[in-house]
2 protein chains.
Amino acid sequence: MFRTHTCGELRHTHVNETVTLAGWVQKTRKMGGMTFVDLRDRYGVTQLVFNQDVNAELCEKANRMGREWVIQVKGEVAERSNKNPNLSTGDIELIVSELNIINESKTPPFTIEDDTDGGDDLRMEYRYLDLRRSSVRKNMELRHRIAFEVRRYLDQQNFLEVETPILIKSTPEGARDFVVPSRMNSGEFYALPQSPQLYKQLLMVSGFDRYFQIAKCFRDEDLRADRQPEFTQIDCEMSYVEQEDVLNLFEGMMIHLFKYVKDITIDSLPRITYADAMRLYGSDKPDIRFGMTFVELKEFVGGHDFVVFDSAEYVGGICAEGCATYTRKQLDELTDFVKRPQIGAKGLVYIKYEADGTIKSSIDKFYTADDLKKIAEAMNAKPGDLILILAGSKVKTQKALCELRLEMGSRLGLRDKNKFAPLWVIDFPLFEWDEDTQRFYAMHHAFTSPNLEDTPYLESDPGRVRAYAYDMVINGVELGGGSIRIHSSELQHKIFRLMGFSEEEAQYKFGFLMDAFKYGAPPHGGLAFGLDRCVSLFAGLDSIRDCIAFPKNNSGRDVMSGAPSQIEESQLKELNINITLPDIE
Amino acid sequence: MFRTHTCGELRHTHVNETVTLAGWVQKTRKMGGMTFVDLRDRYGVTQLVFNQDVNAELCEKANRMGREWVIQVKGEVAERSNKNPNLSTGDIELIVSELNIINESKTPPFTIEDDTDGGDDLRMEYRYLDLRRSSVRKNMELRHRIAFEVRRYLDQQNFLEVETPILIKSTPEGARDFVVPSRMNSGEFYALPQSPQLYKQLLMVSGFDRYFQIAKCFRDEDLRADRQPEFTQIDCEMSYVEQEDVLNLFEGMMIHLFKYVKDITIDSLPRITYADAMRLYGSDKPDIRFGMTFVELKEFVGGHDFVVFDSAEYVGGICAEGCATYTRKQLDELTDFVKRPQIGAKGLVYIKYEADGTIKSSIDKFYTADDLKKIAEAMNAKPGDLILILAGSKVKTQKALCELRLEMGSRLGLRDKNKFAPLWVIDFPLFEWDEDTQRFYAMHHAFTSPNLEDTPYLESDPGRVRAYAYDMVINGVELGGGSIRIHSSELQHKIFRLMGFSEEEAQYKFGFLMDAFKYGAPPHGGLAFGLDRCVSLFAGLDSIRDCIAFPKNNSGRDVMSGAPSQIEESQLKELNINITLPDIE
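Presented here is a report on the structure given in the accompanying data block. What you see is a predicted model, and the numbers here were worked out from it, not measured in a lab.

**A word on the overall build of chain A**
Assigned secondary structure in chain A consists of 16 helices and 23 strands. In terms of overall dimensions, chain A has a C-alpha envelope of 90 × 80 × 55 Å along the principal axes. Across the 585 residues in chain A, those meeting the buried criterion constitute 57%. Once local pairs closer than 6 in sequence are excluded, the contacts in chain A between residues at least 24 apart make up 65%. With 72 positive and 91 negative side-chain charges, chain A shows a spacing of 3 Å between the two charge centroids.

Listed below in structure tokens is the structure:
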């Protein structure tokens, strides 16, 4: 055996045992005639001791070792005189009697510590060294644990994991496909799946009843910080269910994950309609770790010759508890915040409900103290609170107020990364109207079932039709979403017609699924969760990149391996393709 | 709720309960005034009863239903008068009071039964219907179970599942890559991984210690029955281990799988060296469900003027127990068998050790009864046995004798699909010599460590150097294999040199792994199992195709979806590639 224990395993109970360890040299310190080495592996760090007086040759050998050398040592476990309570192995040290240097190491380009001195680019180039840092590796351990617990829960619930193909047919709907030229079928291409959507619905037609897959998906879109060309989805579908069944089952999954991965007990997930989410939070992915919900003030503010409010489609406010003490400078900061181009409010109105019960505001010119008190009452404000009001067109103002609410939440420390507030957002609209193309688009996707209560309005007022579509949201992040699908071909064709697809187009876009539906499609529905997002949320990370072992940069490049790269002429020839020069315009 | 129970759930204890079921109409039978319908879902079949006398309208509605219609029924569970002991729900039937026809179905192009009338092509085209057959679905259920138990075992053993990228750099070593043109990096391509080999070794350099992944792999090779362009590998790697550690851990995995998936107890896996496997079975993947091992007879057969034996490099025999009764016709069949071009023996020598102790053979002209008895003794034959002997060049004859042994095993019913005989084949040679290119190739791969006992012969006699390489074999099928890797750059460069790679070539082929190895590579080793093969073996199938949900045919085509297919001109333009006409030669 190469080692008898790992570097995270030895405790006080092992004292006087002879053990063999192996790992990386984290740090070497010389003190007097002693050399102390921190030996590291995945499981922890153990202190090694070499004594110049006892074995000079061995100690010299240890002194020659550099950072990240790989060694194997044999020795006796001893109690430490100065114990390190921050280290699980801090009670002991290893008095080394044999040292085997297995591999030397060049000096790493950055320190392999939780707080490294390496910049992003350097760490990406040497990702294999970055992954040695325990803070990075812990994200991968968390990822493993989440995926494992997802599988354990779904297996208990009778779901079957089925692998669907990676080499599929390119479909013109949705985002841009990555394509793969076929050598055996010249001039033809496979596509990489953007999601297993069609296949999971086929599996329902096949009677699989409960399917899931932790599936790689691919989208050839321009990348942002939180997007990767390949990402991983927890993809699920169920037959013979109604929306309620799907919500309950996956609520159960999230409760399971919090319990077994984070040791957090969550009883149930609140549900909020899309309409309420927009009304109260200005967002379909509300962060409900804190309240500060919107109050519509239009009815309280009219008729005071304040043209900003009088002309506004929407006037809404939030009440920041205990913030009446905000200074002019702080209020100016908030005003600057909402006036940023990406938020785009024209200005910010505030009402301070001072602790002594008096009221001060930026609109004293138009409103009496009594008027303002009425607004404060409508806002449920208490003495000491600060009311912040935005006005303008409804959608834009709600969006800006949403940002302001999140900003206030952050300032007040209400967005603790260790607190988790999951919920369901339900009753999404079936369609969204697109001004540019003057047509309705499916908000979720073309197979989403309308809420059967609303089908009478499908033709007369498509915009008011709600869908059986739902999102799971945690801390303001959309973790997943899905819908009950249409299983009636009559209804499906009506929806296609409303979206402006001809029969031919529908057949062209969704051909083999449409064919399959003719052979007895069961009622079914499902959803998909972003695994990368789930991990980054559980880990409290800002970007999904940190929870992917080998991510690509914003140009879709793996700087470590150098992918993508030029390939050989012979490969192109076999595939019967040529590279053309980019158009220069 | 859409249904209160599944179609496989109702038992005698449910009698008199009112339940709701949903599923597919498997079969409808009219008898007297009664209509019986078999309702099917993933979980089973339940008999529905409609009585013309009780509810004529309902019964008429039921009579209109065709095969594979999707229905929902409500009714009362009743005890069946003629119970069906072959059906888990055979004790009961459902007296239907409400019938909701959810979806009609076109008549399926083949019957949805275990024994279907559909041919291969038709079933592939309508794969979503083929998957409805419970025999096919059961393979997918088995696949799910195996993958789940692999994960459960490896998780218990502290392995982390890490997802490695699908869009990687094309490397010129190995089989042909599938490539993916990059839109963001014009003229450059990603490759799809043939295996996560480089990444898993990088993860060892990163200190992950124990890694696994159930990973999709891709090879653009011409296809045979048992190959698919995309396949799935159980990919594993460990650090700070010796061969023994790897063998023990994955022996444990196989024992776990047999226990939890097949309910078969296996105590341990025998180990056989490559040399012994070739000597005793003529194969590096011996089927050890039965004995009948080779005996080398050269020393017993010389000096009798039988030129076939005297001139042969190798003479070997097998002893078929109780087969002395074989007729001339049966012996002729065996002779024809070994003379087939793909086996290529020149002829077959037999010795019948009759039950009465007398001996008959096809070489009586050259050998006396005593001579033949000595051969029979060398073969450990008993009265009643049949000895079959082949002679010729060593490698070719051993291969032919291997085929003959398997044929005899099949004839004697010794290759029961429900019996499993796993083993390790170890001590593979490090290199194989290629006559055509006059160079040594790595038998496993270029990173495989030589057996340290044999390193003295690396330069003087490379052919005799054994590797720390091992295969797991079950029932004559190679299920997986791997090796201890080289972690010393000095040794690695020596091996590259022996394989005729220059430093530059090695750097070009394995660049970023070679770089990573400079920063403290730990000793490591691992292996990979073919998941598809594992499932097909556990299921007793002949081809891996039947355990893949949506397989491709021998032209790499998914006939159901029509992939691969032509893509739009705009897609090609965005990717800056052109299709060229195939060379016509």
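**Focus on the interface of chain A and chain B**
Residue-level contacts link 131 residues of chain A with 131 residues of chain B. Summing both partners gives a buried area of about 11,300 Å² for chain A against chain B, and 57% of it is carried by carbon and sulfur. The largest per-residue losses of area from chain A upon contact with chain B belong to A:Glu163, A:Tyr240 and A:Tyr519, which jointly make up 8% of the total buried on that side. Across the contact surface, chain A and chain B share 16 salt bridges. We note a salt bridge from A:Asp222 to B:Arg183, for which the minimum N-O separation is 3.1 Å.

**Re the side chain of B:Glu161**
Checked against the element boundaries, B:Glu161 lands in strand 6 (residues 160-161). There is a polar contact of 3.0 Å between the side chain of B:Glu161 and the backbone nitrogen of B:Ile214. Each residue touching B:Glu161, except ones within four places of it in the same chain, is listed here: A:His144, A:Arg151, B:Arg151, B:Phe212, B:Gln213 and B:Ile214.

**Some words on unusual backbone geometry**
Omega for the peptide link from A:Ala563 to A:Pro564 comes to -5 degrees, which places this bond in the cis form. We note that B:Asn475 has phi near 50 degrees; this positive angle belongs to a residue other than glycine. Structurally, the position occupied by B:Asn475 is in the loop between strand 20 (469-474) and strand 21 (477-484). Classification of B:Asn475 by relative accessible area gives buried; the value is 8%.

**Some points on the environment of B:Gly317**
Residue and element names in this part refer to chain B. As for its position among the elements, Gly317 is in strand 13 (residues 314-320). Its relative accessible area of 0% is what places Gly317 among the buried residues. What Gly317 contacts, discounting residues up to four positions off in sequence, is Thr293, Phe294, Val295, Leu297, Met379, Leu388, Ile389 and Leu401.

**Considerations on helix 7 (residues 274-281) of chain A**
All names here are of chain A. Inspection of helix 7 places Tyr274, Ala277 and Tyr281 among the buried residues, and these make up the whole buried set. Projected onto a plane normal to the axis of helix 7, the buried residues spread over an arc of 70 degrees and lie on a single side. Tucked inside the fold, the buried residues of helix 7 contact strand 11 (271-273), helix 12 (394-411) and strand 17 (422-426). Gly282 sits one or two residues past helix 7 and shows a positive phi near 65 degrees.

**Quick word on the relation of the copies chain A and chain B**
Once turned by 180 degrees and shifted 0.0 Å along the axis, chain A lies on chain B with an RMSD of 0.1 Å. Each copy turns onto its partner about a two-fold axis. Counting the interface residues of chain A, we find that 100% of their copies in chain B are interface residues as well, pointing to one common contact surface.

**Digging into the state of the cysteines**
Here the structure, examined in full by the defined rule, presents zero disulfides over all chains. No disulfide involves A:Cys7; its sulfur sits 19 Å from that of A:Cys59, the nearest cysteine. You can call A:Cys7 buried: its relative accessible area is 0%. Here B:Cys534 stays free of any disulfide, with the sulfur of B:Cys547 as its closest cysteine sulfur at 9.2 Å. With relative accessibility at 2%, the residue B:Cys534 sits in the buried group.

**Thoughts on the pattern of salt bridges**
As enumerated under the stated definition, the model contains 90 salt bridges over all chains in all. Notably, a salt bridge pairs B:Glu251 with B:Arg271, separated by 3.7 Å at the nearest N-O pair. With B:Glu251 in helix 6 (residues 243-262) and B:Arg271 in strand 11 (residues 271-273), the pair connects residues that are 20 residues apart, well separated along the chain. Between B:Glu407 and B:Arg411 there is a salt bridge, with the nearest N and O atoms lying 2.8 Å from each other. Of the two residues, B:Glu407 and B:Arg411 both sit in helix 12 (residues 394-411), four residues apart, roughly one turn of that helix. Connected via shared salt-bridge partners are A:Asp120, A:Arg123, A:Arg127, A:Asp130 and A:Arg133.

**Observations regarding the sheet that holds strand 17 of chain A**
All names here are of chain A. Pairing is mixed in the open sheet, where eight strands are placed in the order 6-9-10-22-21-20-17-11. Looking at strand neighbours, the two that pair on one side only are strand 6 (160-161) and strand 11, the edges of this open sheet. When strand 11 meets strand 17, the two strands line up parallel, connected through three bridges. Pairing of Ile272 across the sheet is with Val425, part of strand 17. Sitting on the sheet, helix 15 (residues 531-539) is in contact with strand 9 (210-218), strand 10 (230-239), strand 20 (469-474), strand 21 (477-484) and strand 22 (524-530), with an inclination near 140 degrees to strand 21.

How each quantity is defined
- Residues numbered from 1 in each chain as written.
- Chains lettered and ligands numbered in written order.
- Predicted model: local features only at pLDDT ≥ 70, side-chain atom pairs only at ≥ 80, totals over all residues.
- Heavy atoms only, no water.
- Helix = DSSP H or I, 4+ residues; strand = E, 2+ residues; numbered from the N terminus.
- Buried < 20%, exposed > 50% of the residue type's maximum accessible area, 1.4 Å probe, protein only.
- Contact = heavy atoms within 4.5 Å.
- Lys, Arg positive; Asp, Glu negative; His and termini not counted.
- Charge placed at Lys NZ, Arg CZ, Asp CG, Glu CD.
- Buried area = accessible area lost by both parts, 1.4 Å probe.
- Salt bridge = Lys/Arg side-chain N within 4 Å of Asp/Glu carboxyl O.
- Polar contact = N/O pair within 3.5 Å; in protein donor to acceptor, adjacent residues only side chain to side chain.
- Arc of directions from axis to C-beta.
- Least-squares fit on C-alpha atoms with pLDDT ≥ 70 in both.
- Disulfide = S-S within 2.5 Å.
- Pairing = 2+ DSSP bridges.
- Axes fitted to C-alpha atoms, helices over the stretch in contact; angles between N-to-C directions.

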